[in-house]
Amino acid sequence: MKDRVMNTSVLMLLFFAAAAFGSHFNPAGSSVDSGEIRWGGSTTYTDARQWATDKWNALGAISIQPDTAFTIEDLTWQDADVCSASWDGRWTQYIGADTVELNKCYLKNYTDFKRRAVATHELGHGLGLGDHTLSDYSSSSIVMYNCSTCSGVNTPQTHDQSDYNSLW
Amino acid sequence: MKINKKRFLVAGLIMILGFTAGYAGKRLTRKDSSQVVNTTASYAFDVSDPRKLVGWADNVFFGYVDSSAGTLNVGQPVPWSLYKVTVQENIKGNLPETVTVGQEGGFSVDKNAMVLLNDDALLVPGKEYLFVTKADARGWHTLVPAFGDLPVANSRERRALSEKFNNAHTKQIPYDPKAF
C-alpha cells in the first residue's frame, strides 16, 4: 500500500512537472505562436510593413510570414484614421489574431523613414517587446522607445536585439 | 522504491500526456486567460517633454469628472469611454464650463474584456484631473493616454501641475510631423 501511494505521488509529480514546463515556454503578451507570426490584413503602408518584417526576420529566432489558407493568422495589419489620438501606431492583444493599426492621420504626413520606424516598433510589440521610456532606459535611440518616430532609428538597435534575444 | 518495466512505461506515458497538456494549455490560454486586454500605442511625439505635449494639444485644463457618458464600441479594436467633465481652469485654449472628454479604453463588448491603452486607468467620476486633449470631430476632447489625464489629489499637487503646465505653455513646441 505504501509503495502504491509513493508510486502514485511520483507519477503525479512527473505529470505536473511536465505540464508546467510545457506551459512556461511561450511568454504571454506577444503575437508569436509556435515560433512564428503569421500576418494578414491590409494597410496602405505595405513598404513599411515589409521593412519591419525583413528587419525582425533578420534576427532569426521568430519567423514572420504572410498568412496562407493553411495557417492561422496571428496578427492583422490595418489602418486607422483618428486625428484626435496621440498615437501613430498601436498593437492590441486579441483572442483571435492580434492587431497592428497604423494611424493614417499621422503616417500620411510622415517620410518613408518614419513610417518604417512606426511599423518596426509595432511589430516589435507583436514579438513581445515592451515600450521603453527615458526613465527605464537612458537613451531614446532604440526602436522600442515609446515614441518610435522620436528615436531617429527605424531598425532594431543593440538594446532591442538584446531584449529580443533574451525573450526568444 | 522499485519501479518495474510496466510502471516505467506508464510513467513515460504520463509525462508525454503532461507535456501535451501543458502545450495545449499554452495554445488555448495564451490570449484568453486575462480579462484585461493590453494595448500599447506608440506616441506620435515625445510625451515626456511637457513643451511638446502642450504644443500638440488643443486644450490643457483642470477638470472634474462629473459622470460617465457611455462607452462606444464601434468595431475598432479599442472602445472609447466618454465622460462629462466640468472645466475648472483653462491653461491652454478656452473651453466652456462643461465638455465631453474621450478616453480610448473601456469595456469591449467585442472582446468581453476591459481594454486599457498604455495601462491608462479609466477616469473616475468625482475626481479632478489635469487634462491634455485634442478636439475630435465627433464632439469630444480626446485625452493623451497616461500623460494627459493626471489625477489631482490635493491643492499642493494642483499648484505644482499648474506651474509645470503654464510654464510648458509659454515654451510650447508645436507639433511637426517632419521633425525627429
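See above for the structure.
The structure displayed is predicted, hence computed values, not measured ones.

Enquirer: I would appreciate a short explanation of the overall build of chain A in the present structure.
Expert: Within chain A, the regular secondary structure consists of 5 helices and 5 strands. Starting at the N terminus and walking to the C terminus, you meet the elements of chain A as α-β-α-β-β-β-β-α-α-α. Among the 168 residues that make up chain A, the fraction classed as buried is 46%. Of the contacts made within chain A by residues no fewer than 6 positions apart, 61% connect residues no fewer than 24 positions apart.

Enquirer: What is the right way to read the nonpolar core from this model?
Expert: Side chains that are nonpolar tend, in soluble globular proteins, to be buried together. By size, the foremost hydrophobic cluster in this structure holds 48 residues, and its most contacted members are Trp 56 of chain A together with Leu 130 and Phe 165 of chain B. Dropping the residues within four chain positions of it, Trp 56 of chain A is found in contact with Ile 64, Thr 120, Leu 123, Gly 124, Leu 127, Leu 129, Val 143, Met 144, Pro 156, Asp 160 and Tyr 164 of chain A. In this structure, Phe 61, Val 65, Leu 123 and Tyr 129 of chain B belong to the second largest nonpolar core, which totals 12 residues.

Enquirer: Would you explain the pattern of salt bridges in this entry?
Expert: A pair can form between side chains of opposite charge whenever their charged atoms are brought close. Taken as a whole and judged by the stated rule, the model has 10 salt bridges over all chains. For Lys 134 of chain B, the salt bridge goes to Asp 58 of chain B, with nearest N and O atoms at 3.7 Å. On the criterion of sequence distance, the pair formed by Lys 134 of chain B in strand E6 (residues 128-135) and Asp 58 of chain B in the loop between helix H2 (50-56) and strand E2 (59-72) is long-range, its members being 76 residues apart. A relative accessible area of 32% places Asp 58 of chain B in the partly exposed class. One network of salt bridges, in which partners are shared, links Arg 90 and Glu 101 of chain A together with Glu 104 of chain B.

Enquirer: What am I meant to see in the environment of Thr 170 of chain B here?
Expert: Within the secondary structure, Thr 170 of chain B is located in helix H3 (residues 155-170). A polar side-chain atom of Thr 170 of chain B sits 2.7 Å from the main-chain carbonyl oxygen of Asn 167 of chain B.

Enquirer: Explain the packing of aromatic side chains here, please?
Expert: To describe a pair of aromatic rings, one takes the distance between the centres and the angle between the planes. The final tally for this structure, using the stated rule, is 8 aromatic pairs over all chains. When the centroid spacing of 5.6 Å and the interplanar angle of 40 degrees are considered together, the rings of Tyr 129 of chain B and Phe 131 of chain B count as tilted. Accessibility assignment for this pair places Tyr 129 of chain B and Phe 131 of chain B in one class, buried. A connected cluster of aromatic rings, assembled from ring pairs, spans Tyr 106 of chain A together with Phe 45, Trp 56 and Tyr 175 of chain B. Over the ring of Trp 51 of chain A we find Lys 55 of chain A, and its NZ or CZ is 4.3 Å from the ring centre. Lying across the ring of Tyr 110 of chain A, Lys 114 of chain A places its NZ or CZ 4.6 Å from the centre.

Enquirer: Would you explain the side chain of Asn 59 of chain B in this entry?
Expert: By the element assignment, Asn 59 of chain B lies in strand E2. Once residues lying within four places of it in the same chain are set aside, the contact partners of Asn 59 of chain B are Lys 92, Gly 93, Asn 94, Leu 95, Phe 131, Val 132, Thr 133 and His 141 of chain B.

Enquirer: What should I look at first to understand H3 of chain B in this one?
Expert: The α-helix winds at 3.6 residues per turn, so residues separated by three or four positions along the chain end up facing the same way. All names here are of chain B. In this model H3 runs 22 Å from its N-terminal to its C-terminal C-alpha over 16 residues, within 8% of the 22 Å that 1.5 Å per residue would give. Those residues of H3 not exposed but buried are Leu 161, Ser 162, Phe 165 and Ala 168. Considered in projection along H3, the buried side chains sweep an arc of 135 degrees and stay on one side of the axis. Across from the buried face of H3, at angles greater than 90 degrees, the exposed residues are Arg 156, Arg 159, Glu 163 and Thr 170. Contacts from the buried residues of H3 go to H2, E2, strand E3 (80-92), E6 and strand E8 (149-152). For H3, the capping residue at the N-terminal end is Asn 154, with a side-chain oxygen 3.1 Å from the backbone nitrogen of Arg 156.

Rules and cut-offs
- Within each chain, residues carry numbers counting from 1 in the order of the written sequence.
- Going through the entries in the order they are written, you letter the chains from A and number the ligands from 1.
- Reporting of local features is limited, given that this is a predicted model, to residues whose pLDDT is at least 70; pairs of side-chain atoms are given and counted only at 80 or more, and all residues count toward the totals for whole chains, interfaces and linings.
- Side-chain metrics rest on all non-hydrogen atoms present in the structure, leaving aside hydrogens and water.
- Secondary structure elements follow DSSP: runs of H or I no shorter than four residues count as helices, runs of E no shorter than two count as strands, and numbering proceeds from the N terminus.
- Three labels apply to residues, based on accessible area from a 1.4 Å probe with only protein chains included: buried if under 20% of the type maximum, exposed if over 50%, partly exposed otherwise in between.
- By definition, residues are in contact when any of their heavy atoms lie within 4.5 Å.
- Residues belong to one nonpolar core when they are buried, are Ala, Val, Leu, Ile, Met, Phe, Trp, Tyr or Cys, and are joined through side-chain atoms within 4.5 Å.
- One side-chain nitrogen of Lys or Arg within 4 Å of one carboxyl oxygen of Asp or Glu is enough to make a salt bridge.
- What qualifies as a polar contact is a pair of N or O atoms within 3.5 Å, subject to a donor-acceptor requirement within protein and to the restriction that residues adjacent in sequence count only when both atoms come from side chains.
- For Phe, Tyr and Trp, rings pair up if their centres lie within 6.5 Å, where Trp contributes its six-membered ring, and each pair is then called stacked (planes under 30 degrees apart), edge-to-face (over 60) or tilted (otherwise).
- For a Lys NZ or an Arg CZ to count as sitting over a ring, it must be within 6 Å of the ring centre and within 35 degrees of the ring normal.
- One less than the residue count of a helix, multiplied by 1.5 Å, gives the span that helix is expected to have.
- Picture the helix axis, draw a direction to every C-beta atom, and the arc is the one those directions span.

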